[in-house]
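Structure at a glance
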Amino acid sequence: MTDEAHLDIDGLLGEELESHESACKHPAARIAISAPDETHGSERLPKPEVAGQHNSNIEAVELADPAPVPRPGAMTEAEIETPSHVAAEPEPVAELTSEASSEPRPPRLFFLTNRMNLNGVLSSRMLAPRESFHKYYADLLELAPGWVPVLVGPPPTSLIERVVAERGSGAPVLVELSESVLSGEPAKGPLVYLRAALLSDVKAIHFREAKSLREHRARGYSNVHPHDDLLQVSPELFASNSDVEPAITPPAESPAQDWLHLDRVRGAVSAAVVGADSGESLAVAAGMLGATGLPHDTLLPPWLTWAELTTESHLPGSETDVELADRLIFQTAYRVLGACDQAESWSPTDVLDTVVDEILAARPGAEAQSIVDRNLQRVRELINIERDFEPFRNPGSPYVAAKSLLMVLLRPDLGQLLAWPFEETHADETSRVVAAILAGRLRGVARESVTLRSLALDDITARWAVRTANGEASSLGAAQFVADDTTTVLRLDGAELQSSMPLAPDPVSIYKSLSAEARQPMRIAVSRRLGWPVLVRASVPAGSDVQFGESLITITSTESVSIETDVDEETFVRRLGDARGPIKAAAVGLLLE
């Protein structure tokens, strides 16, 4: 084992690393149709128990009050402010068939919930079972574990009362869905059961009164994309004359699905794309999603794949001890962070301890374990402030996972992580993208600010989640990386997810195109501008008096002293090839001057 086989985070003062002791531990929805139950159709469902934790920490913003246009004959806001104030003879609900037309009207499909749960639907960009919610207030989902009960027609008053019974749940809301969620199946009864549906399948979001809509708009949520085009005030949909409450009896089969895992996978891939803020890092994200035709110098570890993010990957046929150590650190950190909830508790030391213990239990072999131990010991020293953090050296090194884990343990918030200046980290594009993946895995997509998310990608990953819930294994989509002289673009299934500046030219090729006479002065000029070492050699004549000061060498001689300045060409070319990000761009600019 050489001294190079550990994390290169000692800064720029030397080329070799010290040895360290080991001290570590719109898809087709699956539906079920429910016919009316003659024996239970008129029975009232029991009132839900009031339960749940509600720690809302989302900031509010001021928005203009809506100004709905009154309909002739419609009730005023004061008349319909609460269910107890509904007029004695409300406006009749429109029938589902029309005498004026021989063609029956299509059924109207509604998911009944409350305003607080609506925020969960909007933030995740999909309508999913109770188990998918981070914060939940009792509604109809608790009566159908693993399913989403959808009403065929407006709800009776008793169901409306149920979804607002829990304190803090807010006003009732009807989410109207397109017929596409039925996948061509007829709606034969008062209820259909979906495993999940996309927000893109939503036709409208109905509020009972202008006051409720105003309250919804008054609270701006950082993790919700704009959706004003869906919002409507429709009091007639909440004024059904029916006293019959449909029995909510979901299919006996209760599909098992880890919705937290799906959200964390979506968060990881979302962070990878938003973290790709240069052409080179965009190529890394594209490669992770399966794109081909990447720049030849793109560093893409074999474990950085979409299959790995979904934890469906297979062990490689063969790998070196260095590759094994790097893979184990990433896989274990990815798994451990996926089980953490930073909102509840966060301890970088505890996370690192768990990673160390799980790798040790995997028995990777003596050589790979030794590499893991040295890398993670260095991480431990830094997070415990036993040594100062200095910029990474050798950005092209194979130790991507340990550097990325360190960055996330120091800055778990995705926004703060991505705002970390390159000058302070010298993190290469691959380490930066992998660090973003780990941060996204820690938080998930639904709770992340939309300023750090792509709407197009959110809807693509939501479709993937719904397909997964339906048991339809599939990839995220076909990724494409496009680069020209003006830009770089990442597309997925034709949708543009992210664009960035063009790829920087290869600085090594530019250097080698210089004449032999121009190369030495160029090596010296570039090295001095970028802070790379420059050799200065003095030829001291015999009999000269040489005195050494703290930062000064004095030579006294009767003969001339020869001073030679140079930069080793092999070392210089290696540094050019390893240069990433702003350093690479600066090197290219200097070489082209």
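All values reported here derive from a predicted model rather than from experimental measurement. (Residues numbered from 1 in each chain as written. Predicted model: local features only at pLDDT ≥ 70, side-chain atom pairs only at ≥ 80, totals over all residues. Heavy atoms only, no water.)

Here the focus is the overall build of the protein. Within the protein one finds 18 helices and 16 strands. Counting only residues that meet the buried cut, the protein has 48% of its 593 residues in that class. On the protein, roughly 28,100 Å² of surface is accessible, and the fraction owed to carbon and sulfur atoms is 50%. (Helix = DSSP H or I, 4+ residues; strand = E, 2+ residues; numbered from the N terminus. Buried < 20%, exposed > 50% of the residue type's maximum accessible area, 1.4 Å probe, protein only. Areas by Shrake-Rupley, 256 points an atom, 1.4 Å probe, with all protein chains shown as cover.)

Turning next to the environment of Glu 429. Counting through the fold element by element, Glu 429 comes out in helix H13 (residues 429-443). Linking Glu 429 and Ser 281, residues 148 residues apart in sequence, is a C-alpha distance of 4.8 Å. Among residues more than four places away in sequence, those in contact with Glu 429 are Ser 278, Glu 280, Ser 281, Val 284, Arg 580 and Gly 581. (Contact = heavy atoms within 4.5 Å.)

Remark: helix H7 (residues 321-338) packs on helix H8 (residues 348-361), axes separated minimally by 9 Å, with the N-to-C direction vectors making an angle of 125 degrees. By the criterion of interaxial angle, the relationship of H7 to H8 is oblique. Viewed along their axes, H7 and H8 form a crossing whose handedness is right-handed. Note on element contacts: H8 touches H7 through Val 351, Thr 354, Val 355, Glu 358 and Ile 359, opposite Leu 328, Ile 329, Thr 332, Ala 333, Arg 335, Val 336 and Leu 337. (Axes fitted to C-alpha atoms, helices over the stretch in contact; angles between N-to-C directions. Parallel < 35°, antiparallel > 145°, perpendicular 65-115°, else oblique. Left-handed = near helix turned anticlockwise from the far one by under 90°.)

Where nonpolar side chains cluster on the molecular surface, the patch consists of Val 536, Val 561 and Ile 563 and spans about 250 Å² of accessible area. Relative to the elements of secondary structure, Val 561 occurs in the loop between strand E15 (553-556) and strand E16 (562-566). We classify Val 561 as partly exposed; its relative accessible area is 31%. (Patch = residues over 30% accessible without salt bridge, like charges linked within 9 Å, V, L, I, M, F, W, Y side chains within 5 Å. Salt bridge = Lys/Arg side-chain N within 4 Å of Asp/Glu carboxyl O.)

This part is about helix H3 (residues 210-218). Within H3 the residues assigned to the buried category are Ala 210, Ser 212, Leu 213, His 216 and Arg 217. All buried residues of H3 project into a common sector of 160 degrees when viewed along the axis, lining one side. Turning to H3, the residues buried within the fold contact helix H1 (115-124), strand E8 (202-207) and strand E9 (231-233). (Arc of directions from axis to C-beta.)

What follows deals with the packing of helix H9 (residues 366-383) against helix H10 (residues 400-410). In contact at an axis separation of 10 Å, H9 and H10 are set at 20 degrees when each is read in the N-to-C sense. When the axes of H9 and H10 are compared, the pair comes out roughly parallel. When you trace H9 past H10, the crossing you get is right-handed. Along the contact surface, H9 presents Asn 375, Leu 376, Val 379, Leu 382 and Ile 383, while H10 presents Ala 402, Leu 405, Leu 406, Leu 409 and Leu 410. Split by residue class, the contact of H9 with H10 holds nine nonpolar, one polar and no charged. (Nonpolar A, V, L, I, M, F, W, Y, C, P; charged D, E, K, R; others polar.)

Judged by nonpolar contacts, the single largest core of 84 residues is most densely connected at Leu 289, Phe 330, Leu 376, Ile 437 and Leu 476. The element contributing the most residues to this core is H7, with nine residues. One finds Val 150, Val 202, Ile 205 and Leu 230 within the second-largest nonpolar core, a separate group that totals 29 residues. (Core = buried A, V, L, I, M, F, W, Y, C linked by side-chain atoms within 4.5 Å.)

Taken as a whole and judged by the stated rule, the model has 21 salt bridges. Glu 381 is the partner of Arg 387 in a salt bridge, and the nearest nitrogen-oxygen pair spans 2.9 Å. Arg 387 sits in the partly exposed class, given a relative accessible area of 23%. Classification of Glu 381 by relative accessible area gives buried; the value is 13%. Two residues, Lys 403 and Asp 428, come together in a salt bridge whose shortest N-O distance is 3.4 Å.

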